[in-house]
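Spelled out, the chains give:
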Amino acid sequence: MPQFKWGILGLGKIAHKFAEDLTTIDGAKLWAVGSRSEERAKLFAQQYGAVSFFGTYAGLIASGQVDAVYISTPHTSHLELTIACLEAGIPVLCEKPMGMNASQVQTMIEAARESNTYLMEALWTRFLPSTKKVLTLIESGQIGTIEGLRADFGFKAGPKSSQRITDKSLGAGSLLDIGIYPVFLAQLLFGPPVEIQAMARLDENGIDVDCSLNFRYPGRQIAQLYATLLARTKTEATIHGSEALIHWHPRWHEPSNFSIIKAFDQPPVNHFFDYDCAGYAYEAKAVMEDVRAGRLENELWSWADSLQLHETLTEVRKVIGLSYPADLETSQ
């Protein structure tokens, strides 16, 4: 099979992990990278053996050199860059959150449909072996009827944290950056909520540094979700079933392991996994398979899945009073 040529736009911390994971995939090649800094692009290209580098995002998009682009720039630039790639006929894997709100995500999906070009939100957790195994066990009935979920994600942001975490103009805040993972898991298990209760702590800059969510579903299940930038939490998930529970070990959204607990006086049934990458390779492989097969979206994380997720996130932000400039722009 011919070499699959990847491009990366935005060369921050996650881009490094993605580039490293590409080296573990047969047939994948980091071909071109783009940054607002030509020097940064050159150094990144040299580090990972990319053939081309560009000091502008537009330069890579116009080059026609790549089979797909991974966009890992700050949240607020995802819409513009994704549409530019789609209009150029370049398949896109866009880092989460794909858009700043549901309206932006809908616009991106429409652009993908109109250009007949592939698009997927980079929710890497959906493609991890641990996630797939959890769903398989649930579908097999091994833990009975799913009754509820508790999931969290927290770390302590500090003065040296990325502007993506602290700058509201870049879409900062706990909900969109890390709270998206617990909300994603709740959707994966239950679908869209019928009731949303939410509280958040906004800092002096107007971003949510702390967010607590309770969702209720048609089957009366409840998801208790939490995200914070104020402390490092366990970052674990517990899925409660009528026959057993799944304890998803920290940090559950990354390559991790889990245990099934049927009774607390019995030993847990542990499920451990061998990972040969940081975890980004799984979503990259999915994109490569889809693009080679001529598909426009992924079966496991579709356009409808992303849109539903962002409709929920947008509704949560209304409840907690968190808004961004993008919300005003898309409402006009």
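The coordinates are above.
I will try to describe carefully the structure that is included in this document. (Residues numbered from 1 in each chain as written. Predicted model: local features only at pLDDT ≥ 70, side-chain atom pairs only at ≥ 80, totals over all residues. Heavy atoms only, no water.)

**A short note on the nonpolar core**
Here is step 1 of the chain: If you look at the biggest cluster of nonpolar residues, it comprises 82 residues, and the most contacted ones within it are Trp6, Ile8, Leu149 and Ile239.
Here is step 2 of the chain: For this core, the element with the most residues is helix 8 (residues 174-190), which contributes eleven residues.
Here is step 3 of the chain: Residues Ile61, Leu79, Ile83 and Ala112 belong to the second largest nonpolar core, which totals 28 residues. (Core = buried A, V, L, I, M, F, W, Y, C linked by side-chain atoms within 4.5 Å. Buried < 20%, exposed > 50% of the residue type's maximum accessible area, 1.4 Å probe, protein only. Helix = DSSP H or I, 4+ residues; strand = E, 2+ residues; numbered from the N terminus.)

**Description of the sheet that holds strand 1 (residues 4-9)**
Paired through backbone hydrogen bonds, the strands of a sheet run either parallel or antiparallel to each other.
Here is step 1 of the chain: The sheet built from six strands is open, its strands ordered 3-2-1-4-5-6 with parallel pairing. Single-partner strands in this sheet number two, and they are strand 3 (52-54) and strand 6 (119-122). Mean inter-strand twist for the sheet, computed between neighbouring axes without regard to direction, equals 25°.
Here is step 2 of the chain: The pairing of strand 1 with strand 2 (residues 28-34) spans six bridges and is parallel. Bridge pairing in strand 2 links Lys5 to Lys29. (Pairing = 2+ DSSP bridges. Axes fitted to C-alpha atoms, helices over the stretch in contact; angles between N-to-C directions.)

**With respect to the sheet that holds strand 8 (residues 195-202)**
Here is step 1 of the chain: The eight strands are arranged 8-9-10-7-11-12-13-14 in an open sheet whose pairing can be described as mixed. Looking along the sheet, the strands with just one partner apiece sit at the ends: strand 8 and strand 14 (269-271). When the angles between neighbouring strand axes are averaged without regard to direction, this sheet yields 10°.
Here is step 2 of the chain: With five bridges joining them, strand 7 (residues 146-154) and strand 11 (residues 237-241) adopt antiparallel strand pairing. Residue Ala151 lies in a different strand from strand 11, and its bridge partner there is Ala237.
Here is step 3 of the chain: Running over the sheet, helix 8 touches strand 7, strand 9 (208-216), strand 10 (222-228), strand 11 and strand 12 (245-248) and is turned about 165° from strand 7. (Contact = heavy atoms within 4.5 Å.)

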